Each structure stands twice: as structure tokens, then as C-alpha cells.
Amino acid sequence: MSTRTKQKTGSPNEHELQRFNTPSDVEGQVSHPASEDGFGNVEGAEIQYKTCVWWHTGVLMLAENVSLGVLALPQALAVLGIIPSLLCICFLGVIATYTGWLIGEFKLAYPQVQSFPDCGELIAGHIGREVMAAGSVLILIFISGAHILTFTVAMNALTEHGTCTLIFAIVGLIFCFVLGLPRTFKNVSKLSILSCASIIVAVFVAMIGISISKPDAGHILAVRPGIPFVKGLGPVLNIILAYTGHVAFISFQSELADPREFKKALFFEQGITITFYMTISTVIYYYAGPLVTSPALGSASPVVTKVAFGFAIPTIIIAGVVNGSVACKYIYIRMWKGTNVVHQKTIKSLGSWYSICAAFWLVAWILAESVPNFNLLLGLIAALFGSWFSYALPMVMWFYQHKGSWLKNRRMAMWSALNAFLFCVGVAIFALGMWASGHELHNGSGGKVFSCANNWSPVSAAFDRSDDRDIPPLSA
């Protein structure tokens, strides 16, 4: 392999390069044998997976990221103040873009990986694979459960609690299961276009309605003084949640016809996401002031809120389907690895796929009913999983990819120091976030489980100083 290829892919050492035995193409990129691909030999197969172009993947990533997280961001500005909140949204978004780029480079260097569990096995053997498999599936179950929960919130808002919330949850479960039956991301990406349009229209409807009604226009703070530590952590976790799509990035890249185009999809998605988050959050907070709610659609008048939620229904369902498809695809491919079942349309292949989808969505539904608090569930997902997949694990992948070269020159030493620092940031987010989530659960903020009660009760950001009770020390 040429020196140019080695630098382009960032492969760690000569031993690894010889093991892969990968020739280079005319552009200096790596051209890998089909046998090393995560899907195996697909020549003549009935189901072809590597069919996406970069914009398919970009839309999938948008649908996965720009969904529930944006509904909690305007209140983050009200709690923290506009300056620290916008800095967090921008800074964490830039880090998320960088870590997404690291994931894409790792996939190019090791084309046989098809998911985070494959990366775990490469780095830490069987134990690494199983730990990463459990984490990957769990975060996707949590996110999918959050989408079912949000569906019940939306339906209660639209119908003014027209029926038992459990019935709405079952309806959401059925929708997600049926829409998640396609086996390829190219088919799911067609739904994702609708999902992206849905959340954009819904938020713009709410934003326009709020700017007209002006619930508390102009009453904004640059920095909120004296905010209790736990109250301040909650909004930061909601911002982190808005960038927790990384768990699916390798799976999305694996279905690109040309995996090198992942960078285009990443910068397309992250550029739109960061701009959208900052613009929407600022406008809604400016006009709603401390009365801004979470979900943010509730800050508008009752009529506008219903219209906005009506437009948001597609993204609430489809963005959950995208996450569920990633988890089900991993289980499905692992189940039939080494066989041609995944490429067939037989009773065995379809039956196993449908069974996996049904089991996954049933577990997600149970979770949604077990933690029926919108803000708390989002914060728990960010702390427990987003901190690792979006901010810590990509650094581990970089250190593995460049093992033996961490300190070979000043430039590499600086990159090593930066990535070590960002890894520590991810671990700190996990520790502090779990402490804050545990504190809220201990205080009974989780809500009633498996209840028919109306869960549409938008929470205002207005502070009641009497609520600033003593916060236990971090060591507790």
C-alpha cells in the first residue's frame, strides 16, 4: 500500500495494513474486497443494502437527530440564559461534528465494521463487542421509547385527553412497528424526507404563533444567576441529547454505495442541525420569555399548539422508526451472519425480521410507560448513552486507529491531548448526568407508570424560588 493511502485512511500500523491487504485506487483511497464488507458477498442477492448516496444518508441523519431534542432546547435558554445556552449548542455541536468525522474515518480504515459492536470487538475482543452491543441496542430502545412517549403527549394535546394514554401508546407502537418493516435504509430514507419536513414545519408554525401572541416577549436573561446545579444540568443534558445520533452513524455509512461520501452527509446534516437549533431556540425564547415550555410547541396558543403537534406527528413516528431500524438491523444481521438469509425474501428471513421488529418495539413501549416524563427521559438518555456514543467512544476509536503514533511528533501529541480532554468531557457528562437524573427520580419526578392519566402538561421554565430546595452534595 502506498504512503498516500496510509495517510488518507489513518490506518494504525504496517501490521494492520498487511492484515487487510487492501489495494489503493486512483484517488489514493482504500478499495476493500467484498468479503471484508459487513454485509458479506451481495452479488446477485435479492436484497441489496449498499444502495444509498450521500444525501440519502444525510436525510437519515437529519431525521434521527432533529426530532425530540429540538422540542426541549428553547427552555434550555430560559433556564441557563441565552449566552451560555447558545454557546453550549454551538460548542457541543462542533464537538459532535468532529466525533462524527472520527467515526467515519474509523469505518474507512476498518471496512469490516458495520456497527459499534463490531468496533468494540476490534478494539477489546469479545467483551468489547458484547458491552457495545448492549449499549447500542439499549440507547436505541430508549430513544424509540421516547418517541412513543412523545406520540402520547401529542395525541393528548390534540384530543384534549380524548382517551386513556395507554391506548395512545399502543397506537404509536403499532405505527412504529408497521413503518419499520422495510429492511433497507434507502427505503426508510424516503420516509425520513417527510420526517424532516414535518419537524421543520411544526416548529416554524409554533415559532410564528408564539411571535404573534408574544406570551412574554423580550423578558430574557443573558445569564441566569444563582441557578441550582441540578436545574442547570437538565438543560445541558437536553442539548446533548440533540446530538446523540452517533450510535447509528456506522450503520448508515455501511449502506452507502461509496462510504467515502459519509463526510458530505455528516457536514450537510450537522450544518443544518446546529443552525436550526440556534435559530429556533433564540426566536422562541425571545417571544415566550420565562413562560417557554417543554415541549416547546406548548408555548403557543392552544389552537396553534394543536396545529403544530399535528404537523409534528410524522417526525415523532418516523424518527423513532429510523432509530428502531438501526437496532433491529444489527440484531438481524448478527443472527444470520455467515448465511445468505439476510439477502433473501423467504419465510425464514421475513419471519425473523418481523419477529425482531415486534420484540424491539414492545420493549420500547414498556420503557415509554415506565418513565412517562418527557424531560426526565430525554435527560436520562443523554447522560446514560449520549455521553459515550457522541463524546467519549469516538476518542477511544481514534486512539486505537493511531496506536503507536500518539506522540511521534508535535502535531500528533496535540491531537492526542485534545482527544484525551474530550474523552474526559464525555465521562464527566455521564457522571454528572446520571447523578442529576437519579436525583430527579428520587424526588418522584418520573411520573405515574402505566397510567391512563393525561401526560400533556407543558412545564414552564419560570422559576419558583421556593422550589430551590437544598441539593445533596455530589458525593451523595
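Up top is the structure.
Residues numbered from 1 in each chain as written. Predicted model: local features only at pLDDT ≥ 70, side-chain atom pairs only at ≥ 80, totals over all residues. Heavy atoms only, no water.

Caption draft 1: Fine view of helix α13 (residues 347–370). Between the first and last C-alpha of α13 there are 34 Å, a value that for 24 residues agrees with the 34 Å anticipated at 1.5 Å per step. Those residues of α13 that sit buried are Ser 349, Ser 352, Trp 353, Ile 356, Cys 357, Phe 360, Trp 361, Ala 364, Trp 365, Leu 367, Ala 368 and Glu 369. Residues of α13 that are buried in the fold lie against α6 (116–159), α7 (165–179) and α12 (302–335). (Helix = DSSP H or I, 4+ residues; strand = E, 2+ residues; numbered from the N terminus. Expected span 1.5 Å × (residues − 1). Buried < 20%, exposed > 50% of the residue type's maximum accessible area, 1.4 Å probe, protein only. Contact = heavy atoms within 4.5 Å.)

Caption draft 2: Structural context of the nonpolar core. With 132 residues, the main nonpolar core has Phe 116, Tyr 243, Phe 252 and Tyr 277 as its most contacted residues. Among the elements that line this core, the one with the most residues is α6, at 19 residues. Apart from the residues lying within four places of it in its own chain, the contact partners of Tyr 243 are Asn 65, Ile 89, Leu 92, Gly 93, Ala 96, Gln 270, Thr 273, Ile 274, Tyr 277, Ser 390 and Tyr 391. (Core = buried A, V, L, I, M, F, W, Y, C linked by side-chain atoms within 4.5 Å.)

Caption draft 3: Expanded view of the packing of α12 against α13. Relative to each other, α12 and α13 sit at 130°, their axes nearing to 9 Å. Relative to α13, α12 is oriented oblique. Crossing of α12 against α13: the hand is right-handed. Here α12 contributes Gly 320, Val 321, Gly 324, Ser 325, Ala 327, Cys 328, Lys 329, Ile 331, Tyr 332 and Met 335 to the contact with α13, which in turn contributes Ser 349, Ser 352, Trp 353, Ile 356, Cys 357, Phe 360 and Trp 361. Partitioning the contact of α12 with α13 into residue classes produces eleven nonpolar, five polar and one charged. (Axes fitted to C-alpha atoms, helices over the stretch in contact; angles between N-to-C directions. Parallel < 35°, antiparallel > 145°, perpendicular 65-115°, else oblique. Left-handed = near helix turned anticlockwise from the far one by under 90°. Nonpolar A, V, L, I, M, F, W, Y, C, P; charged D, E, K, R; others polar.)

Caption draft 4: View of the pattern of salt bridges. Taken as a whole and assessed by the stated rule, the structure comprises eight salt bridges. In this structure, the salt-bridge partner of Glu 130 is Arg 334, at a minimum N-O distance of 2.5 Å. Residue Glu 130 is located in helix α6, and its partner Arg 334 is located in helix α12; the two are separated by 204 residues in the primary sequence. On the basis of relative accessibility, which here comes to 29%, the residue Glu 130 falls in the partly exposed class. For Arg 334, a relative accessible area of 32% gives the class partly exposed. Note that Lys 264 is salt-bridged to Glu 261, the shortest N-O span being 3.7 Å. (Salt bridge = Lys/Arg side-chain N within 4 Å of Asp/Glu carboxyl O.)

Caption draft 5: Region of interest: empty space enclosed by the protein. What the rule picks out here adds up to four cavities of 30 Å³ or more. In this structure, the largest cavity occupies an estimated 110 Å³ of space. Every residue lining the largest cavity is counted, 13 residues in all, and those nearest its centre are Glu 64, Ser 67, Ile 143, Leu 241 and Thr 244. When residues of the lining of the largest cavity are traced back to their parent elements, those giving at least two are α3 (54–65), α4 (68–80) and α6. In terms of residue count, the dominant contributor to the lining of the largest cavity is α6 (three residues). Split into classes, the residues belonging to the lining of the largest cavity amount to five nonpolar, seven polar and one charged. In this model, the second largest cavity occupies a volume close to 60 Å³. Elements with a contribution of two residues or more to the lining of the second largest cavity: α6 and α12. Of all the elements, α6 adds the most residues to the lining of the second largest cavity, at five residues. (1 Å grid on protein atoms, 1.4 Å probe; cavity = no way out; pocket = protein on both sides within 12 Å on 5 of 7 lines; lining within 4 Å. Points joined across faces, edges and corners; volume = space filled by probe spheres on them.)

Caption draft 6: Representation of helix α5 (residues 82–109) in the model. Compared with the 40 Å implied by 1.5 Å per residue over 28 residues, the 41 Å span of α5 between its first and last C-alpha is a close match. Counting buried positions over the 28 residues of α5 gives 20, a clear majority of the element.

Caption draft 7: Up close: the environment of Ala 109. Relative to the helices and strands, Ala 109 is located in helix α5. You can call Ala 109 buried: its relative accessible area is 3%. As for Ala 109 and Gln 401, which are separated by 292 residues in sequence, their C-alpha atoms are 7.8 Å apart.

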